[in-house]
Amino acid sequence: MTGYEGADLAIALINVILLGLLFVVAIAIARMRSLFAIVMLSGIYSLISATWFVALDAVDVAFTEAAVGAGISTALLLGAMLLTSRTAKPEKRSTAIVPLLVVIAVGCMLVYATIDLPAFGDPDSPANTYVGTAYIERTPQDIGVPNIVTAVLASYRGFDTLGEVGVVFAAALAVILLLGFGERSLSATIGRKDKGGRG
Amino acid sequence: MLEFILERGNYWAIIGLMMIGLYTLFAATNLIKRLVGLSIFQTSIILFYISLSRIDGGTAPILYGKDAKGHGGGHGEEAAAAYGADAAHGAADAAHGAASHGFEHVYSNPLPHVLMLTAIVVGVATLAVGLAIVVRIREAYGTIEADEIRDMDLDVALAQYAEDHPGEANPA
Amino acid sequence: MSQKTDHHVILRVVAKPLIPIISLFAFYVQFHGDYSPGGGFQAGVIFAVAVILYALIFGIAPAMRAVPPVFTRSLAAFGFLLYAGVGVWALIMGGNFLDYDALFNEPPGGHDGQHYGILLIELGVLLAVAGSMLSIFYAFAGRVTEIKDEDW
């Protein structure tokens, strides 16, 4: 039996600790009302999951999650929070029961679905046997780049990545269309500051 | 039985996290809190994909040691220096069934890594668009609580209806 | 910005040497993406973070003077075009779209086309992601705060 016995005990311990931390942070986010605390905790959530990605051998993903999730998203959420409000309204106890029931039902169905999933770390699982292995085998001959993730991202699936870059560019355009370029409103901000208002 | 649970405990924990995100998305009325819930949900799905791509005894999908020297055109030394720690050596036998194809080391499946890497970047782009819309909602309505916005819309609609149909009773 | 912010003096002194190092690290990540974790996406985000850090500590107006919003917008568009341009280059050389082996018409087994192709498109990703993230940040940060002090 492959699976858990093959895995290092230390890795298993790290998994448990990091997942526990993720649970604590997620529950705190769900219960908090101060938006500032929520935004900061979401950055911490990203950072902990980045650590977990390292334990799962996904170093590129960990790097991205740490830079994007904990860096840029937190900055953007803070910027949006400055422009909107600082606290969230408390949820009504009477209406909170419906989402809870929906969430429990969905969770039970998903857990039922995991019974058929391959074991954690199984090298013979369908996801790990066909195309992923082929990329590992062929990268040295085809691309000649040691980092297989870069090879797949930039070469084998370059068209895919072109689409992702297009999505990021389109999102920047959408934000600019919604909020303005930034310079014009900036001059208004500076004008306000001269009059003694806050920027 | 215990083994079955241990092999799938990760998935269940991730589903739990996913459901906490979904609950935040559902129950919160504050739009920014909803977006944070959405990003928890998204991060949990990324965690799920990455945990599917892990292979026991495997290492990060960067060729090193003999694997990189054999074909990489002399570029392997840097990678070998960066990843010199031979973490995979001892446990490599465990996974020889599927993942060894003339390679010295066992590597995790790189495909989910690539997909999730781009998903994270696209996720932050869509989050930015969502936040921009929230900022505009705040400027138009003066609030970012979903139920207050709904009440305001309802009031406006009722006033409009009363204007269009004078003399009729309130439809509500 | 003004003399009033003097209690941030440590922050500013620490940030000043740190910001060039962060930018340098972004380029390290970019050009070592073939051999170690990293690549255009991460490098672009790190580069954007360096400018955002500057904007947070020294104010948004000096940041906009250093890296103008017009520049970031053009950077995003140029990056995307650079990426697509490599694909068109491959088309012109008789290959498929984004088929790097066709770039230099090299015999099978050569990796020059792949190396330069990946280098160029990663550069395109870097410029597009850094430009887009900075444009998004400027759009949020440059907006007039309508919220009143009493609401805080």
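Note that the structure is a prediction, hence the values are computed from the model and not measured. (Residues numbered from 1 in each chain as written. Chains lettered and ligands numbered in written order. Predicted model: local features only at pLDDT ≥ 70, side-chain atom pairs only at ≥ 80, totals over all residues. Heavy atoms only, no water.)

Scanning chain B from N- to C-terminus turns up 7 helices and 0 strands. Listing each helix as α and each strand as β along chain B from the N terminus yields α-α-α-α-α-α-α. Each of the 172 residues in chain B was classed as buried or not, and the buried ones make up 54%. Sequence-distant contacts, at least 24 apart, represent 62% of the contacts inside chain B between residues at least 6 apart. (Helix = DSSP H or I, 4+ residues; strand = E, 2+ residues; numbered from the N terminus. Buried < 20%, exposed > 50% of the residue type's maximum accessible area, 1.4 Å probe, protein only. Contact = heavy atoms within 4.5 Å.)

With that settled, the discussion passes to the packing of helix α8 (residues 158-179) of chain A against helix α4 (residues 69-92) of chain C. At their nearest, the axes of α8(A) and α4(C) sit 10 Å apart, and the two run at 160° to each other. One finds that α8(A) runs roughly antiparallel with respect to α4(C). Here α8(A) and α4(C) pass one another in a crossing that is left-handed. Only Arg73(C), Ala76(C), Ala77(C), Phe80(C), Tyr83(C) and Ala84(C) of α4(C) make contact with α8(A), whose side of the interface consists of Gly158(A), Thr161(A), Leu162(A), Val165(A), Gly166(A), Phe169(A) and Ile176(A). Here the residues of the contact of α8(A) with α4(C) sort into 9 nonpolar, 3 polar and 1 charged. (Axes fitted to C-alpha atoms, helices over the stretch in contact; angles between N-to-C directions. Parallel < 35°, antiparallel > 145°, perpendicular 65-115°, else oblique. Left-handed = near helix turned anticlockwise from the far one by under 90°. Nonpolar A, V, L, I, M, F, W, Y, C, P; charged D, E, K, R; others polar.)

Next up on the list: the packing of aromatic side chains. In total, this model carries 12 aromatic pairs over all chains according to the counting rule given. Ring centres of Trp89(C) and Phe104(C) lie 5.7 Å apart, and the angle between their planes is 85°; on these two criteria the pair is classed as edge-to-face. Of this pair, Trp89(C) sits in helix α4 while Phe104(C) sits in the loop between α4 and α5 (112-141), and the two are 15 residues apart along the sequence. Taking relative accessible area as the criterion, Phe104(C) reaches 37% and is therefore assigned partly exposed. Through pairs of rings, three or more aromatic residues link up here, namely Phe63(A), Phe25(C) and Tyr28(C). When the ring centre of Phe181(A) is taken as origin, the NZ or CZ atom of Arg73(C), which lies over that ring, is 4.0 Å away. (Phe/Tyr/Trp six-rings, centres within 6.5 Å; stacked < 30°, edge-to-face > 60°. Lys NZ or Arg CZ within 6 Å of the ring centre and 35° of its normal.)

The next point concerns the UniProt feature "transmembrane region" (unreviewed entry) in chain C. Residue and element names in this part refer to chain C. Under the UniProt annotation, "transmembrane region" (unreviewed entry) lies at residues 9-29, 41-63, 75-98 and 118-140. As a span, residues 41-63 carries 96% helix and 0% strand, and end to end its C-alpha atoms are 22 Å apart. In residues 118-140, helix accounts for 100% and strand for 0%; the two terminal C-alpha atoms are 33 Å from one another. (UniProt positions renumbered as here; feature names shortened; annotations may be inferred.)

Right, let's get into the interface of chain A and chain B. Counting residues at the interface gives 96 residues for chain A, matched by 86 residues for chain B. Carbon and sulfur atoms supply 74% of the area buried between chain A and chain B, which totals about 8,400 Å² over both sides. Put simply, chain A and chain B have 2 salt bridges between them. Of the charged contacts, one joins Asp147(B) and Lys89(A) as a salt bridge, the two residues approaching to 3.0 Å between their closest N and O atoms. Our enumeration of links across chain A and chain B arrives at 17 residue pairs in polar contact (both at pLDDT 80 or more). For the side of chain A that touches chain B, the element with the most residues is helix α3 (residues 59-83) of chain A, which contributes 13 residues. Within the side of chain A that touches chain B, the residues separate by chemical class into 62 nonpolar, 20 polar and 14 charged. (Buried area = accessible area lost by both parts, 1.4 Å probe. Salt bridge = Lys/Arg side-chain N within 4 Å of Asp/Glu carboxyl O. Polar contact = N/O pair within 3.5 Å; in protein donor to acceptor, adjacent residues only side chain to side chain.)

This part covers the packing of helix α1 (residues 9-31) of chain A against helix α2 (residues 31-53) of chain B. Packing of α1(A) against α2(B) leaves a shortest axis separation of 10 Å and a crossing angle of 160°. Classed by the angle they form, the pair α1(A) and α2(B) counts as roughly antiparallel. Between α1(A) and α2(B) the crossing geometry is left-handed. Side by side, α1(A) and α2(B) meet where Leu22(A), Ala26(A), Ile29(A), Ala30(A) and Arg31(A) of the first sit next to Lys33(B), Val36(B), Ile40(B) and Leu47(B) of the second. Classifying every residue of the contact of α1(A) with α2(B) gives 7 nonpolar, no polar and 2 charged.

Right, let's talk about a nonpolar patch on the surface for a bit. On the surface, a cluster of nonpolar side chains totalling about 620 Å² of accessible area is made up of Ile97(A), Val98(A), Leu100(A), Leu101(A), Val102(A), Ile104(A) and Phe26(B). Of the residues forming the nonpolar patch, the biggest block, 6 residues, is contributed by helix α4 (residues 97-114) of chain A. Turning to its location among the elements, Ile104(A) is positioned in helix α4. Here Ile104(A) falls in the partly exposed class, since its relative accessible area comes to 48%. (Patch = residues over 30% accessible without salt bridge, like charges linked within 9 Å, V, L, I, M, F, W, Y side chains within 5 Å. Areas by Shrake-Rupley, 256 points an atom, 1.4 Å probe, with all protein chains shown as cover.)

What follows concerns α3(A). Residue and element names in this part refer to chain A. Across its 25 residues, α3 extends 35 Å between first and last C-alpha, which sits within 8% of the 36 Å expected from 1.5 Å per residue. By the largest-angle criterion, Ser-73 marks the main kink of α3, which is about 30°. Of all 25 residues in α3, 20 are buried; the element is thus mostly enclosed. (Expected span 1.5 Å × (residues − 1). Bend = angle between axes of the 7 residues up to and from the residue.)

Turning to the environment of Ala154(A), a few remarks are in order. Inspection of the secondary structure assignment puts Ala154(A) in helix α7 (residues 148-156). Excluding residues within four positions of it along the chain, Ala154(A) makes contact with Tyr100(C), Ile118(C), Ile121(C) and Glu122(C).

Turning our attention to helix α6 (residues 110-141) of chain B. All names here are of chain B. Over its 32 residues, α6 extends 46 Å from the first C-alpha to the last, a length consistent with the 46 Å expected when each residue adds 1.5 Å. Structurally, the start of α6 carries an N-cap: the backbone nitrogen of Leu-111 is 3.3 Å from a side-chain oxygen of Asn-109. Directly beyond the C-terminal end of α6, a positive phi value near 80° is found at Gly-142.

Right, let's get into the side chain of Gln30(C). Along the chain, the position of Gln30(C) falls in helix α1 (residues 9-31). Among the residues examined, Gln30(C) registers a relative accessible area of 5% and is labelled buried.

On to the nonpolar core, then. By size, the foremost hydrophobic cluster in this structure holds 135 residues, and its most contacted members are Val175(A), Ile32(B), Leu131(B) and Phe140(C). Residue contributions to this core peak at 15 residues, all from α6(B). Other than its neighbours up to four places away in sequence, Ile32(B) contacts Leu35(A), Leu77(A), Ala80(A), Met81(A), Thr84(A), Leu131(B), Val134(B) and Ile144(B). (Core = buried A, V, L, I, M, F, W, Y, C linked by side-chain atoms within 4.5 Å.)

Looking now at unusual backbone geometry. The phi torsion at Asp57(A) lies on the positive side, around 70°, for a residue other than glycine. Within the secondary structure layout, Asp57(A) lies in the loop between α2 (35-55) and α3.

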